[in-house]
Amino acid sequence: MDYLPIFTKLENRACLVVGGGDIALRKVHLLLKAGANVSICALAFHPLLKAKAQAQEVRLIPQAFSVALLDKQWLVIAATNDHDINAEVARAAEERQLLVNVVDSPLLSSFIMPSIVDRSPIIVAISSSGTAPVLARLIRERLEALLPMHIGRLAAISGKFRHRVKDKIKNVSLRRRYWEKLFGNGKLGTLLEQGKTEKAVELMENALCSQPSSGDVALVGAGPGDPSLLTLKALQLMQQADVVLYDRLVSSDILDLVRRDADLISVGKKAGDHYVEQARTNKMLIEFAQQGKKVVRLKGGDPFIFGRGGEELEELLDAGISFQVVPGITAASGCSAYAGIPLTHRDFAQSVTFVTGHQKSKGEKINWQALASPMHTLVVYMGLLQTEKIQTQLLHFGRDKKTPVALISHGTTTEQHVILGTLEELTLLGGGAQGPTLIIIGEVVSLANKLSWFNAQNATKLSRDPFLVNLS
Ligand code: SAH
């Protein structure tokens, strides 16, 4: 970061502008908006500056710049069209450790002025640190369109209501939820847009009385790895969460998108240092919700596919905690799409089965006969340690040994690795795979040679600020 963005309070503070033309006028205008006490030093003045002086809004100093003028100033703007004078002002200000901006010369400046979207009291400042002002302007235009005019009023009345909310809702998490719910629901904005301020206040008041007393849990599917495969709902909940309990399978790129102040707790199995049993996880979910927190239980893929989502919900239900479930893209969908393997295809497979290589207890029966049918796609989750058994059983029940297979590791991420081969080689191929791996067995796998498209090296990383991602 080359510049630290700060918002300065200039009300009644002395600021000096050197220069009396168009550019100086623009800067004076901004300083006055911030309530500064503005003096302007120049040999000639724009008529509008003269008018402002007459209205006693500014003070004109009709003389050449001299160092003494810097006395008791908070900041200085050099806005003449003479480079030497601007440089002299910059040097003198620098010597006195005064903040100085030289118009169009970041090199001489100790502060630069950003592009501004002004919805006071909401102010957005954008800067490209002097590198690409046109890009900064484009971003500003987008933000102008994005932020409705009434957002300033919304912030202003919320500011007035803040203490009342603080008095009424003592719990910080619940207080945040109150505001999130209010701002998230478009009604308040609509009322303000229509100028119905009293009704808006009434709405805020009513919401205060109907505050829930406990938190809740959202069981959220995080998809297979690529953050841009998250659902909008998943992202929203992740950005509102007080606490997120996540599995080992959830990628760090996805965790980066969680609200910064949220507590992140790994409950991943097999991570060694963070092993937390299922019972402990269930207990934490309940306890956090009872403390009034908004809890997100983030799971890889889809929570209802080999994710024990159902088991966790039953516990919440017993404890009387309210919950919701957000589906995610399961590994079978994500990996097959990113490897160019359609799971069904009119010429190759009319059905698909998802099985897990990891059963709860040893005695459970798998119907290998059914799984070995031709023209059928078999997707095996957690199957890497079971490749030998899968190969033997499928061959035993008559699946063709030349049936194509794919082992997709770290699917949809920048580390995606795909191994292609045939059923008779499955055990051997399994030895070459590492990390979370999905096995796809079936005639459809042959399509990967034609349809593979994903270049892991060129995969993009999602920005923490999702709406900037598609900015071109
Ligand atoms: N609920 C998850 C599955 C959890 S079981 C879902 O719907 O996807 C964990 C198994 O899923 C892993 O052992 C692996 O077989 C598979 N898996 C999950 N993410 C994967 C990925 N990015 N690449 C390959 N396999 C993955």
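Residues numbered from 1 in each chain as written. Predicted model: local features only at pLDDT ≥ 70, side-chain atom pairs only at ≥ 80, totals over all residues. Heavy atoms only, no water.

S.K.: Is there a simple way to think about the domain arrangement of the chain in this case?
M.R.: Assigned domains within the chain: domain 1 (14–113), domain 2 (151–208), domain 3 (216–329) and domain 4 (333–456). Its C-alpha centre places domain 2 at a distance of 29 Å from the equivalent point of domain 3. Each side of the interface is counted separately: domain 2 has six residues, and domain 3 has nine residues. Linking domain 2 with domain 3 are two salt bridges, by the criterion used here. Taken together, the residues of the side of domain 2 that touches domain 3 sort by class into one nonpolar, two polar and three charged. (Domains from an automatic or database assignment. Contact = heavy atoms within 4.5 Å. Salt bridge = Lys/Arg side-chain N within 4 Å of Asp/Glu carboxyl O. Nonpolar A, V, L, I, M, F, W, Y, C, P; charged D, E, K, R; others polar.)

S.K.: Help me understand a negative patch on the surface in this model?
M.R.: Together, Glu311, Glu314, Glu315 and Asp318 line one region of the surface with negative charge. Among the residues examined, Glu314 registers a relative accessible area of 52% and is labelled exposed. (Patch = residues over 30% accessible without salt bridge, like charges linked within 9 Å, V, L, I, M, F, W, Y side chains within 5 Å. Areas by Shrake-Rupley, 256 points an atom, 1.4 Å probe, with all protein chains shown as cover. Lys, Arg positive; Asp, Glu negative; His and termini not counted. Charge placed at Lys NZ, Arg CZ, Asp CG, Glu CD. Buried < 20%, exposed > 50% of the residue type's maximum accessible area, 1.4 Å probe, protein only.)

S.K.: Where do I start with unusual backbone geometry in this structure?
M.R.: Peptide bonds are, in most cases, trans, and in most cases residues other than glycine have a negative phi. Look at the link from Ser120 to Pro121: it is a cis peptide, with omega at 5 degrees. Along the chain, Pro121 turns up in the loop between strand E6 (115–119) and strand E7 (122–126). With a phi angle near 50 degrees, Met382 is a residue other than glycine that sits in the positive phi range. Note on placement: Met382 falls in the loop between strand E14 (376–381) and helix H15 (387–396). (Helix = DSSP H or I, 4+ residues; strand = E, 2+ residues; numbered from the N terminus.)

S.K.: Help me out: how do you make sense of the state of the cysteines in this one?
M.R.: The bond known as a disulfide is covalent and runs between the sulfur atoms of two cysteines. Applying the stated criterion to the full structure yields zero disulfides. Take Cys15: it sits in no disulfide, and the sulfur closest to it among the cysteines is that of Cys41, at 14 Å. (Disulfide = S-S within 2.5 Å.)

S.K.: In this structure, what is going on with the pattern of salt bridges? I would like to understand it.
M.R.: Oppositely charged side chains can pair when the atoms bearing their charge come close. Tallied over the entire structure, the rule returns 21 salt bridges. Between Lys33 and Asp118 there is a salt bridge whose closest N-O contact spans 3.2 Å. In this pair, Lys33 is assigned in helix H1 (residues 22–33) and Asp118 in strand E6, connecting sequence segments 85 residues apart. Here Lys33 falls in the exposed class, since its relative accessible area comes to 59%. In this structure, the salt-bridge partner of Arg297 is Asp247, at a minimum N-O distance of 3.0 Å. One end of the pair, Arg297, is in strand E11 (residues 294–299); the other, Asp247, is in the loop between strand E9 (243–246) and helix H10 (252–255), with 50 residues separating them in the sequence. Of the two residues examined, Arg297 and Asp247, each falls in the buried class. Connected via shared salt-bridge partners are Arg176, Glu180, Asp242, Arg259 and Asp261.

S.K.: What is the right way to read the packing of aromatic side chains from this model?
M.R.: The description of an aromatic ring pair uses the distance of the two centres, along with the angle that the planes make with each other. In this structure the tally under the stated criterion is seven aromatic pairs. Clustering of aromatic rings is evident, with ring pairs tying together Tyr178, Trp179 and Phe183. In this structure, Arg13 is placed above the aromatic ring of Trp74, and the distance from its NZ or CZ to the ring centre is 4.2 Å. (Phe/Tyr/Trp six-rings, centres within 6.5 Å; stacked < 30°, edge-to-face > 60°. Lys NZ or Arg CZ within 6 Å of the ring centre and 35° of its normal.)

S.K.: I would appreciate a short explanation of helix H11 (residues 278–290) in the present structure.
M.R.: In an α-helix, one turn spans 3.6 residues; hence positions three or four apart end up facing the same way. A rise of 1.5 Å per residue sets the reference length of H11, with its 13 residues, at 18 Å; its end C-alpha atoms lie 18 Å apart and thus fit the reference within 8%. Residues of H11 that are buried: Thr281, Asn282, Met284, Leu285, Ile286, Phe288 and Ala289. Residues of H11 that are buried sit in contact with strand E8 (216–221), E9, strand E10 (263–266), E11 and helix H12 (309–319). Just beyond H11, the residue with positive phi is Gly292, at close to 90 degrees. (Expected span 1.5 Å × (residues − 1).)

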